[in-house]
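The residues making up each chain are set out below.
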Amino acid sequence: MARNGVFSRKNRSAKVETLDAISVDSHELHVLAVDDSLVDRKVIERILKISSCKVTAVDSGRRALQFLGLDGERSSSGFDGLKVDMIITDYCMPGMTGYELLKKIKESSTFREIPVVIMSSENVMARIDRVLYSGNNRCLEEGAEEFIVKPVKLSDVKRLKDYVMREEGEDDSEKGTYKRKLQQDDSDLSSLSSSSSSSSPSSSPPSSSSSSPLSSPSRQLKTTSTV
Amino acid sequence: MLGLGVDQLRADMNQLLALLFHQGVLDDHFLQLQQLQDVTSPNFVYEVVNIYFHESEKLLRNLRVLLMDRDFSDYKKMGIHLNQFMGSSSSIGAKRVRNVCFAFRAVSEQNNRAGCLRALEVLEHEYCYLKNKLHELFHIEQQRVMAAAVRYRIQD
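Keep in mind that this is a model prediction, so the values were computed, not measured. (Residues numbered from 1 in each chain as written. Chains lettered and ligands numbered in written order. Predicted model: local features only at pLDDT ≥ 70, side-chain atom pairs only at ≥ 80, totals over all residues. Heavy atoms only, no water.)

**Side note on the sheet that holds strand 4 (residues 116-121) of chain A**
Residue and element names in this part refer to chain A.
Step number 1: Read across the sheet, five strands follow the order 2-1-3-4-5 without closing on themselves; strand pairing throughout is parallel. One side of each edge strand has no neighbouring strand; the edge strands of this open sheet are strand 2 (53-58) and strand 5 (146-150). Here the average twist between neighbouring strands, direction ignored, is 25°.
Step number 2: Direction of pairing for strand 1 (residues 29-34) relative to strand 3 (residues 86-90): parallel, over a ladder of four bridges. Bridge assignment links Val 31 to a residue of strand 3, and that residue is Met 86. (Pairing = 2+ DSSP bridges. Helix = DSSP H or I, 4+ residues; strand = E, 2+ residues; numbered from the N terminus. Axes fitted to C-alpha atoms, helices over the stretch in contact; angles between N-to-C directions.)

**Here we look at the pattern of salt bridges**
Step number 1: One pass over the structure, following the stated rule, counts twelve salt bridges over all chains.
Step number 2: Ionic pairing is found between Asp 40 of chain A and Lys 150 of chain A, a salt bridge with its closest N-O pair at 2.8 Å. With Asp 40 of chain A in helix 1 (residues 38-50) and Lys 150 of chain A in strand 5, this residue pair connects regions lying 110 residues apart in the sequence. Across this residue pair, the class does not change: Asp 40 of chain A and Lys 150 of chain A are buried.
Step number 3: The residue Lys 133 of chain B makes a salt bridge to Glu 136 of chain B at a minimum N-O spacing of 3.1 Å. Placement of the pair is Lys 133 of chain B and Glu 136 of chain B together in helix 6 (residues 113-155), with a separation of three residues, close to one helical turn.
Step number 4: Where salt bridges share partners, they join Asp 35, Asp 40, Asp 90 and Lys 150 of chain A into one cluster. (Salt bridge = Lys/Arg side-chain N within 4 Å of Asp/Glu carboxyl O. Buried < 20%, exposed > 50% of the residue type's maximum accessible area, 1.4 Å probe, protein only.)

**So, the pairing of strand 1 of chain A**
All names here are of chain A.
Step number 1: Counting buried positions along strand 1 yields six of six residues, so the element is predominantly enclosed.
Step number 2: Going residue by residue along strand 1, you find Leu 29, Val 31 and Ala 33 tucked away on one face and His 30, Leu 32 and Val 34 tucked away on the opposite face as well.
Step number 3: Inspection of the sheet shows strand 1 paired to strand 2 by six bridges, in the parallel sense. By the bridge assignment, Leu 29 is partnered in strand 2 with Cys 53.
Step number 4: Once you follow strand 1 into helix 1 and on to strand 2, the crossover reads as right-handed. (Right-handed = clockwise from strand over helix to strand, strands pointing away.)

This is the structure in structure tokens:
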């Protein structure tokens, strides 16, 4: 599975010890933000910049795919300036929803390793029953890294950034701990959705690989631990 | 004594903010916006809020056009506008406007045109109030900045 060029930070040998000691080097995380709302784009862009990230903000899933070169008019290897470390997308968008964008990204061998974060307004999550775990929109099963509730706060992005950077420097067990911590943070969120059906994570899509964090044991934990 | 005006203006601004919070017009997310403003982006709040005004007025116009149509039946479209309005209001901390959108949406889901018309009026009213108050806030802030500039120049 092609990881070349996607995580440019892989080449660095720096070990991440503690959060305080994280050295960004000269490379900032490049985040692709997708939201149809101009207000929200401005805000997320600002939050990301303050969090020392490079930002590309687009207004639709289609534009996001175009940016990544996944819109069917692929350029062969012209991704040098386009290395993306994380994608953060709104869930409710006209045209392509965040879920559909997520699926397209996870179907791509080049980009499926990029963490995808879904933003959603709380009331949307409560209304679209079980957005997280079942029904037609199995975002977490499809490999979304995380859900965050809008409006997004500085602390949300800090947490995400730490997660993405940590993912690079630590082994799976540590990742698991961190993901479980994230799960606890969101426990009040998951209580919004009614109890999960018995649909098991065994229906995970063929695109996820065993070495990716997406199918790590902690993620299974996440999908089954909602009550 | 323009220098003294700075402190008074700051107090005025805080008082207005406190009032708006107390009334539930604004919530913490507005403070979040302020936190995102700094020397590298000194007009951030103003810029975002202006985008919000622009978008909101478009949405309000759309809602009114929809409802004024005698043969109106596209409640789904109305719901979409309301979701957008809710989302952006939420993002800037416009709590009361957001809540009115929420109630409006509930009414629209009952396909109740008369109810929607009433809800739209409430929404327009709330939005107007918010806009006026935010303009007031920006005005005070602008005066404070100017007064501070003069004070520092005098001190030079």
